[in-house]
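Residue-level listing of the chains:
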Amino acid sequence: MTEHGTSSKGATTAHAPAHRAVLRFAPSPNGALHLGHALSALTGYEMAQRLGGRFLVRIEDIDVGRSRPEHVAGIFRDLAWLGITWEEPVLFQSQHFADYEAAAARLAAMGLLYPCFATRAEIAAAADSNARDPDGAPLYPGLHRGLGVREIARRKALGQPFAMRLDMQAALAAARRMTGDAPLTYEALDETLAPRTVAAAPARWGDVVIQRKDAPTSYHMAVVVDDARQGITHVVRGLDLLPATDVHRLLQVLLGLPAPLYHHHRLLLGSDDLKLSKSRGDTSLAALRAQGLTPTDIRRTIGIER
Ligand code: GLU
């Protein structure tokens, strides 16, 4: 193992960074950080230190309606309390909408995007009840794929809101053409930083949203653009985002962006075995701190220190 996480043979693979590692913690400021975020941030921060790399914080505030300045302030306070330091300036995604729009425009110019006016209820009604995406949502049944130009113009003239979706089959075909039929894969690292090649299967997401109805981007588009812009070499995040990596890899190929290495860490389960979520204030770091817990207590609770 070299300090850059290449294989023990020391061979530099196409994915292994030859430069200093760059890692990031990328929370969405629509709630207080909880124990799951502490695990994510500390896993990334400690991996950055092991690699002698840089550590960034990115505020993923594309959902401007749900993002709150007090949550941004809380994120910085909690991270500093945990003993994490990061480089300034912090990137706020809400300040970079034009860049995500430009990336979406490239996909549109390749003929890979189409407007979808369907409401959540229309999608649920038209979807096959057995077909779910990896998040458990009804798989989009292609409702507005192939809508005619006149129908699109009519709906736009009526002011109907629309999302821009990726035509998944067309996107996969384009990616195959661009890579000379190479399989779509990425490199995943385990806790020891040993790499493993994983096959990406983005088709299980169907025609994913690239630009939301209420925002000029989606999570997928923004994360891919920013991981490339910030030169992220190692993406560290929870296993809940493992399936999304398949979409990210496809977008990286289509946009000609480099592939970071990925480490998806275990998830913390609440007492009822549900994934911890921000709505469960009882596990917020601020609440635990107010109860007198120390950063060491937090590390023990999340199982990274005895
Ligand atoms: N903003 C995402 C979240 O808070 C994480 C994005 C990522 O790490 O790729 O769940």
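Everything below is about the structure printed above this text.
Calculation criteria
Going along each chain's sequence as written, the residues are numbered from 1 onward. Whole-chain, interface and lining totals are the exception, using all residues; otherwise, since this is a predicted model, local features are given only for residues with pLDDT of at least 70 and side-chain atom pairs are given and counted only at 80 or more. As a rule here, side-chain values come from all non-hydrogen atoms in the structure, and water together with hydrogens is ignored. The helix count covers DSSP runs of H or I at least four residues long, the strand count covers runs of E at least two residues long, and both are numbered beginning at the N terminus. The classification of residues rests on relative accessible area computed with a 1.4 Å probe and restricted to protein chains. Under 20% of the type maximum is buried, over 50% is exposed, and intermediate values are partly exposed. Patch members must show over 30% relative accessible area and no salt bridge, and they are joined within 9 Å when carrying like charges or within 5 Å when they are nonpolar side chains of Val, Leu, Ile, Met, Phe, Trp or Tyr. Working definition of accessibility: Shrake-Rupley area with a 1.4 Å probe, residue cover restricted to the visible protein chains. Within this document, salt bridges are pairs made up of a side-chain nitrogen of Lys or Arg and a carboxyl oxygen of Asp or Glu, the two lying within 4 Å of each other. Between N-to-C directions, angles cover 0 to 180 degrees, with each direction set by a line fitted to C-alpha atoms, over the stretch in contact for helices. Any angle from 65 to 115 degrees is called roughly perpendicular, while one under 35 is roughly parallel, one over 145 is roughly antiparallel, and all others are oblique. Residue contacts are defined here by distance: any two heavy atoms, one from each residue, within 4.5 Å place the two residues in contact. Basically, the charged four are Asp, Glu, Lys and Arg, the nonpolar ten are Ala, Val, Leu, Ile, Met, Phe, Trp, Tyr, Cys and Pro, and anything else, Gly included, counts as polar. Among the buried residues, those of types Ala, Val, Leu, Ile, Met, Phe, Trp, Tyr and Cys that are joined through side-chain atoms within 4.5 Å form a nonpolar core. Put simply, a crossing is left-handed when the front helix is turned counterclockwise from the back one by less than a right angle, and right-handed when it is turned clockwise.

A.B. asks: Where do I start with the environment of glutamate 46 in this structure?
C.D. replies: Looking at where glutamate 46 falls in the secondary structure, it is placed in helix H1 (residues 35–50). Since its relative accessible area comes to 27%, glutamate 46 is described here as partly exposed. When the C-alpha positions of glutamate 46 and isoleucine 84 are compared, they lie 9.0 Å apart, and in sequence the two are 38 residues distant.

A.B. asks: Which parts of the structure should I look at to understand a nonpolar patch on the surface?
C.D. replies: A cluster of nonpolar side chains, namely Leu239, Leu242 and Leu267, defines an oily patch on the protein surface of about 210 Å² accessible area. One can find leucine 239 in the loop between strand S9 (234–238) and helix H8 (244–255).

A.B. asks: Help me understand the packing of helix H3 (residues 97–109) against H8 in this model?
C.D. replies: Any two packed helices are characterised by how steeply their axes cross, that is the angle between the axes, and by the distance between the axes. As a packed pair, H3 and H8 sit with axes 10 Å apart at the nearest point and diverge in direction by 75°. Taken as axis vectors, H3 and H8 run roughly perpendicular relative to one another. Two secondary-structure elements touch here, H3 through Ala103, Arg106 and Leu107 and H8 through Leu251, Leu254 and Leu255. Broken down by class, the residue content of the contact of H3 with H8 amounts to five nonpolar, no polar and one charged.

A.B. asks: Sorry if this is basic, but what is going on with the nonpolar core here?
C.D. replies: Within soluble globular proteins, side chains that are nonpolar tend to cluster in buried spots. If you look at the biggest cluster of nonpolar residues, it comprises 41 residues, and the most contacted ones within it are Leu107, Leu166, Ile210, Met221, Leu250, Leu251 and Leu254. Elements that contribute at least two residues to this core include exactly H3, strand S5 (163–166), helix H6 (168–179), strand S6 (185–189), helix H7 (219–229) and H8. When residues of this core are assigned to their parent elements, the largest contribution, seven residues, is made by H8. Each residue touching leucine 166, except ones within four places of it in the same chain, is listed here: Leu107, Leu112, Leu113, Tyr114, Ala171, Asp207, Val208, Ile210, Leu250, Leu251 and Leu254. Grouped together as the second largest cluster of nonpolar side chains are 32 residues, Leu23, Leu42, Phe55 and Ile84 included.

A.B. asks: What should I look at first to understand the packing of H6 against H8 in this one?
C.D. replies: Between H6 and H8, the least distance of the axes is 9 Å, while the angle of their chain directions is 55°. Taken as axis vectors, H6 and H8 run oblique relative to one another. Judged by the twist between their axes, the crossing of H6 over H8 is left-handed. Across the interface between the two elements, Met168, Ala171, Leu172, Ala174, Ala175, Met178 and Thr179 of H6 pack against Leu250, Val253 and Leu254 of H8. Split into classes, the residues belonging to the contact of H6 with H8 amount to nine nonpolar, one polar and no charged.

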